[in-house]
Amino acid sequence: MGSPTESPDSLPTPATPAGRDGLDAILARPGRAVIALDFDGTLAPIVPDPDQARAHPDAVPALAVLAPKVASVAVITGRPAGVAVRKGGFTDVPGLEHLVVLGHYGAERWDAVSGTVTAPAPHPGVAAVRAELPGVLDRVGAWQGTWIEEKGRAVAVHTRRASDPQAAFEALREPLTDLATRHGLIVEPGRLVLELRPPGMDKGVALLEYAREIGAESVLYAGDDLGDLPAFAAVDKLRSDGVPGLLVCSGSSEVAELADRSDTVVDGPGGVVRLLAALAAQLG
């Protein structure tokens, strides 16, 4: 990973040969390119209360200009699909008539064409974990500053408000992993959040399946969190299969591992929006 070269109106220059190949392929045949993006930390700034998160004010306008020029734009998020649609402001936007939101790591899907969410039945372990979680937090002594987020098909514990957020995060890793395992779930770590959710789906699986459905000949994926590492691995897999890809990190000092794996790093959601706008401008 290296420092990108960028100005407000230009595309960043990827620091890796694979990234440069990915960008060249997108520019050469945009009608066969999939642009896939995480939501929180990528299209929306991270805030202490996830319920207050909203897309960057320039995100939807940038996507609306870019989307008609590429094969597809997809938002891939751990949030419920409907929640991401609402917080993103993605409904009834000219230019985004074919936007797809893959929520709960791909377990849910919202299509702008129909305006509806499709999803399988919830995993029974989520309800069991939800019932036991307060007792686990109490036994660990982790109530102070932690916050439980109900996500329908998952439940998450945030430590960002704790007096020592990282210490609280580490103290909860093992007991929450034990709780999840007993009920057939897994723990997905993120930026000062531990999410308990069903196994079998992650952003990588969702991205691979969607890219193959669309018949993508190139892929851009942008993310900011540990939960985006499977999507980065999916792009690596696509590359090995001959589909060029560009990996973008929505810059964060909290997730150095993602920055190290990326082809280019931009300055948070504002940087992502500038990249999307520059890409749309480059495509005419």
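Structural notes, computed from the coordinates. (Residues numbered from 1 in each chain as written. Predicted model: local features only at pLDDT ≥ 70, side-chain atom pairs only at ≥ 80, totals over all residues. Heavy atoms only, no water.)

## Description of the pairing of strand 7 (residues 155-158)
As a general feature of sheets, a regular strand has side chains that alternate between the two faces. Neither face of strand 7 is open: one carries Val155 and Val157, the other Ala156 and His158, and all of them are buried. By the bridge criterion, four bridges tie strand 6 (residues 147-150) to strand 7 in an arrangement that is antiparallel. Among the inter-strand pairings, Glu149 is bridged to a residue of strand 7, identified as Ala156. Between strand 6 and strand 7, which pair antiparallel and follow one another directly, the connecting turn spans four residues, one of which, Gly152, has a positive phi of 75 degrees. Pairing geometry for strand 7 and strand 9 (residues 193-197), over four bridges, is antiparallel. Each bridged residue has a counterpart across the sheet, and for Val157 the counterpart in strand 9 is Leu194. (Buried < 20%, exposed > 50% of the residue type's maximum accessible area, 1.4 Å probe, protein only. Helix = DSSP H or I, 4+ residues; strand = E, 2+ residues; numbered from the N terminus. Pairing = 2+ DSSP bridges.)

## Description of empty space enclosed by the protein
Using the criterion set out here, one finds two cavities of 30 Å³ or more in the structure. Put simply, the largest cavity is a space of about 430 Å³. If you trace the largest cavity, you find 29 residues lining it, with Asp40, Lys151, His158, Val193 and Asp225 closest to the centre. Sorting the residues of the lining of the largest cavity by element identifies strand 7, strand 8 (186-189) and strand 9 as the ones contributing at least two each. If you trace the second largest cavity, you find it lined by Leu11, Pro12, Pro14, Leu23, Leu246, Thr264 and Leu275. (1 Å grid on protein atoms, 1.4 Å probe; cavity = no way out; pocket = protein on both sides within 12 Å on 5 of 7 lines; lining within 4 Å. Points joined across faces, edges and corners; volume = space filled by probe spheres on them.)

## Concerning the side chain of Ser250
Its location among the elements puts Ser250 in strand 11 (residues 245-250). Of note is the side chain of Ser250, whose polar atom sits 2.6 Å from the backbone oxygen of Gly41. When residues no more than four places from it in sequence are discounted, the contact partners of Ser250 are Gly41, Thr42, Gly223, Asp224, Val266, Gly268, Pro269 and Val272. (Polar contact = N/O pair within 3.5 Å; in protein donor to acceptor, adjacent residues only side chain to side chain. Contact = heavy atoms within 4.5 Å.)

## Points about helix 3 (residues 81-88)
Most of helix 3 sits inside the fold, with six of its eight residues counted as buried. Where helix 3 is buried, its residues contact helix 2 (59-66), strand 3 (100-103), strand 4 (108-111) and strand 5 (116-118). At the C-terminal side of helix 3, Gly89 shows a positive phi close to 70 degrees.

## Examining the sheet that holds strand 8
On the basis of which strands lie adjacent, the open sheet formed by four strands has the order 6-7-9-8 and antiparallel pairing. Two strands lie at the open edges of the sheet, namely strand 6 and strand 8, each paired on one side alone. Within the sheet, the average angular offset between the axes of one strand and its neighbour, ignoring direction, is 25 degrees. Running at roughly 20 degrees to strand 7, helix 4 (residues 124-140) makes contact with strand 6, strand 7 and strand 9 of the sheet. Sheet strands in contact with helix 5 (residues 165-182) are strand 7, strand 8 and strand 9, and its direction is about 5 degrees off that of strand 9. (Axes fitted to C-alpha atoms, helices over the stretch in contact; angles between N-to-C directions.)

## Structural notes on the sheet that holds strand 5
Adjacent strands of a sheet form backbone hydrogen bonds with each other and so pair up, either parallel or antiparallel. Pairing is mixed across the open sheet formed by eight strands, whose spatial order is 5-4-3-2-1-10-11-12. Looking at strand neighbours, the two that pair on one side only are strand 5 and strand 12 (264-266), the edges of this open sheet. Here the average twist between neighbouring strands, direction ignored, is 20 degrees. The sheet contact formed by strand 10 (residues 218-223) and strand 11 spans five bridges and is parallel. Of the residues in strand 11, the one forming a bridge with Gly223 is Cys249. Along the sheet face, helix 7 (residues 229-240) touches strand 10 and strand 11 and points at about 165 degrees away from the line of strand 11.

## Re the packing of helix 6 (residues 203-214) against helix 7
Contact geometry for helix 6 and helix 7: axes closest at 7 Å, N-to-C directions at 40 degrees. Classified by the angle their axes make, helix 6 and helix 7 are oblique. The hand of the helix 6/helix 7 crossing is right-handed. Where helix 6 abuts helix 7, its residues Lys203, Gly204, Leu207, Leu208, Ala211 and Arg212 lie against Pro230, Ala231, Ala234, Val235, Lys237 and Leu238. (Parallel < 35°, antiparallel > 145°, perpendicular 65-115°, else oblique. Left-handed = near helix turned anticlockwise from the far one by under 90°.)

## Brief notes about the environment of Asp58
Looking at the element boundaries, Asp58 is found in the loop between strand 1 (33-37) and helix 2. Sequence separation between Asp58 and Val273 is 215 residues, and the spatial gap between their C-alpha atoms is 6.6 Å.

## A word on the layout of surface pockets
By volume, the largest pocket is sized at about 220 Å³. Together, 18 residues line the largest pocket, and Ala71, Ser72, His98, Leu99 and Tyr210 are the ones closest to its centre. Broken down by secondary-structure element, the contributors of at least two residues to the lining of the largest pocket are strand 2 (72-76), strand 4 and helix 6. Across the lining of the largest pocket, the residue classes tally to 12 nonpolar, three polar and three charged. (Nonpolar A, V, L, I, M, F, W, Y, C, P; charged D, E, K, R; others polar.)

## Quick look at the packing of aromatic side chains
Taken as a whole and judged by the stated rule, the model has two aromatic pairs. Considering the side-chain rings of Tyr221 and Phe232, the 6.2 Å spacing of their centres and the 85 degrees angle between planes classify their relative orientation as edge-to-face. Of this pair, Tyr221 sits in strand 10 while Phe232 is found in helix 7, placing the two residues 11 residues apart along the sequence. Each member of the pair, Tyr221 as well as Phe232, is classed as buried. In this structure, Arg197 packs its charged tip against the face of Tyr105, placed 4.0 Å from the ring centre. (Phe/Tyr/Trp six-rings, centres within 6.5 Å; stacked < 30°, edge-to-face > 60°. Lys NZ or Arg CZ within 6 Å of the ring centre and 35° of its normal.)

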